[in-house]
Amino acid sequence: MRDPYEVLSVPRGASEADIKKAFRKLAKTHHPDRSKDPKAKEKFSEISTAYDLLSDTAKRAQFDRGEIDAEGKPRFRGFEGFNAGGARDPGFGTGRSHKTFTWPPGGNGGAGAGTAFEDIFEMFGGLGGRGQTRGTRPGEAPGGGAGAGPASGDVTAEVTVPFVDWAMGGKVRVQLPHGKELDVSIPAGIHAGKTIRLKGQGVASPLSGTAGDALITIQVATHPQFRAEGRNIRVDVPVTLYEAVLGGKVRVPTLDGTVELNLPPRTTGKGTLRLKGKGVQSKPEPGDLLVTPRVVLPEGPDAELEKLAGRMKDGAPYDPRK
């Protein structure tokens, strides 16, 4: 594995933003689904592994200090107690005084032997420190899993789904951080903020080589006409004054086209008309479309309408605010 800075072509002092920008550029170029290079898969894996290390602040610091290699594995420094000529240095080559270990009676089979072993492991760096599971990287839960983060190869992304696609169910295209694009199926009516997990669509884990998952957080776009009320959808429909008084057929927009709706006489904006099954197409039962008529007066001056309003005011007044 090459130096991750060299793989991403960034200097050691590069910012997180520069590292991310370099990774995205290289990932798009060498992604196996886009590149015809026979070594594209190998290059993409190398790029992903380099980014996995440098995007993790803790691992990057360990690499810069020489504690881990380019694959994130601990470096073996050898036994510092022996110099190049094979002679033992009293301070084990570190300039520090060393501990004296006394085996308990009976050799390594007696009581307390485990403590002596632990002291030796502690002195030489051991297996990564007490309390850490072997094979587990800093910040990773033992055994990986959904919360393992970069160590598991999982990637996260967020997509805003058009309102109609969300209500009807459909597919949207999502670009993942490592450059891969996927068509993601959106269940009708999924709650905003929910996450969809796509198995094996993440990056290859530097520990196991197995691809992690892609975690897609769903957001829903607003719509100029429709608004959600649970599984139902509400829409305001403008009607004329004479349609409201006399009734008639009016065209109503729905998620999949327009329909004609019978408007009863003396319709007011207080009532709601319901179109069964025309709401969110969720399972096991879709919601309804709730239609609210809104009376709209004609634009500009209308002498006849004003005379009619005057006669109503004088002869048949009413107060809708009571």
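This is a predicted model, so every value here is computed, not measured.

Undergrad: Outline the overall build of the chain, supporting the account with residue identities and numerical values.
TA: Each helix and strand in the chain was counted, giving 8 helices and 11 strands. Residues classed as buried in the chain amount to 33% of the 322 residues present. Look at the contacts in the chain between residues 6 or more apart in sequence, and 45% of them connect residues 24 or more apart.

Undergrad: Which residues make up the sheet that holds strand 11 (residues 289–295), and what values go with them?
TA: The sheet built from 4 strands is open, its strands ordered 6-7-11-10 with mixed pairing. At either margin of the open sheet sits one strand with a lone partner, and together these are strand 6 (226–229) and strand 10 (273–275). Strand-to-strand twist across the sheet, computed as the mean angle between neighbouring axes with direction ignored, equals 30°. Pairing of strand 7 (residues 232–239) with strand 11 involves 7 bridges; the strand directions are parallel.

Undergrad: Mind laying out the nonpolar core, listing which residues take part and the relevant values?
TA: Formed by 35 residues in total, the largest nonpolar core has its most connected members in Ile216 and Val252. Not counting residues up to four positions away in its chain, the partners in contact with isoleucine 216 are Ala157, Val159, Val174, Leu176, Lys194, Thr195, Ile196 and Leu198. Core analysis: the next-biggest nonpolar cluster, separate from the first, contains 19 residues, Leu26, Tyr51, Leu54 and Ile68 among them.

Undergrad: I'd like to hear about the sheet that holds strand 5 (residues 214–220), residue by residue, with values.
TA: Spatially, the 3 strands line up as an open sheet ordered 1-5-4, and their pairing is mixed. The open sheet terminates on both sides in strands that have one partner only, identified here as strand 1 (155–161) and strand 4 (195–198). Strand-to-strand, the axes of this sheet are offset by a mean angle of 25°, without reference to chain direction.

Undergrad: Please give an account of the environment of valine 203 that cites residues and values.
TA: The residue valine 203 is located in the loop between strand 4 and strand 5 in this model. On the accessibility criterion, valine 203 (9% relative accessible area) is buried. Each C-alpha atom of the pair valine 203 and glycine 153 lies 4.8 Å from the other, and the pair is 50 residues apart in sequence. Not counting chain neighbours up to four residues away, the residues in contact with valine 203 comprise Ser48, Gly153, Val155, His178, Thr210, Ala211 and Gly212.

Undergrad: Lay out the confidence of the model for the chain in plain terms, naming residues and giving numbers.
TA: For the chain, mean pLDDT is 77; residues scoring 70 or higher make up 75% of the total. Scored below 50 in pLDDT, residues 79–151 makes 63 contacts in the model with residues more than four places away or belonging to other chains.

Undergrad: Please provide a residue-by-residue account of the pairing of strand 2 (residues 170–175), values included.
TA: Pairing between strand 2 and strand 3 (residues 181–186): 6 bridges, direction antiparallel. Looking across to strand 3, one finds that arginine 173 is bridged to aspartate 183. The loop that links strand 2 with its antiparallel partner strand 3 comprises 5 residues; one of these, glycine 179, has a positive phi angle of about 100°.

About the thresholds
Within each chain, residues carry numbers counting from 1 in the order of the written sequence. Residues qualify for local features only when their pLDDT is at least 70, as the model is predicted, and side-chain atom pairs are given and counted only at 80 or more; totals for whole chains, interfaces and linings, by contrast, use all residues. Hydrogens are left out, water is left out, and the side-chain values use all remaining heavy atoms of the structure. For the purposes of this entry, the term helix denotes a DSSP run of H or I that reaches at least four residues, the term strand denotes a run of E that reaches at least two, and both are numbered from the N terminus. Accessibility here uses a 1.4 Å probe with only protein chains present; expressed as a share of the type maximum, an area under 20% marks a residue as buried, one over 50% as exposed, and anything in between as partly exposed. By definition, residues are in contact when any of their heavy atoms lie within 4.5 Å. Should DSSP find at least two bridges between two strands, the strands are regarded as paired. For every element, the axis is a line fit to its C-alpha atoms; helices are fit only across the contacting stretch, and the angle between N-to-C directions ranges from 0 to 180 degrees. Residues belong to one nonpolar core when they are buried, are Ala, Val, Leu, Ile, Met, Phe, Trp, Tyr or Cys, and are joined through side-chain atoms within 4.5 Å. Confidence of the predictor at the level of single residues is given by pLDDT, which spans 0 to 100.

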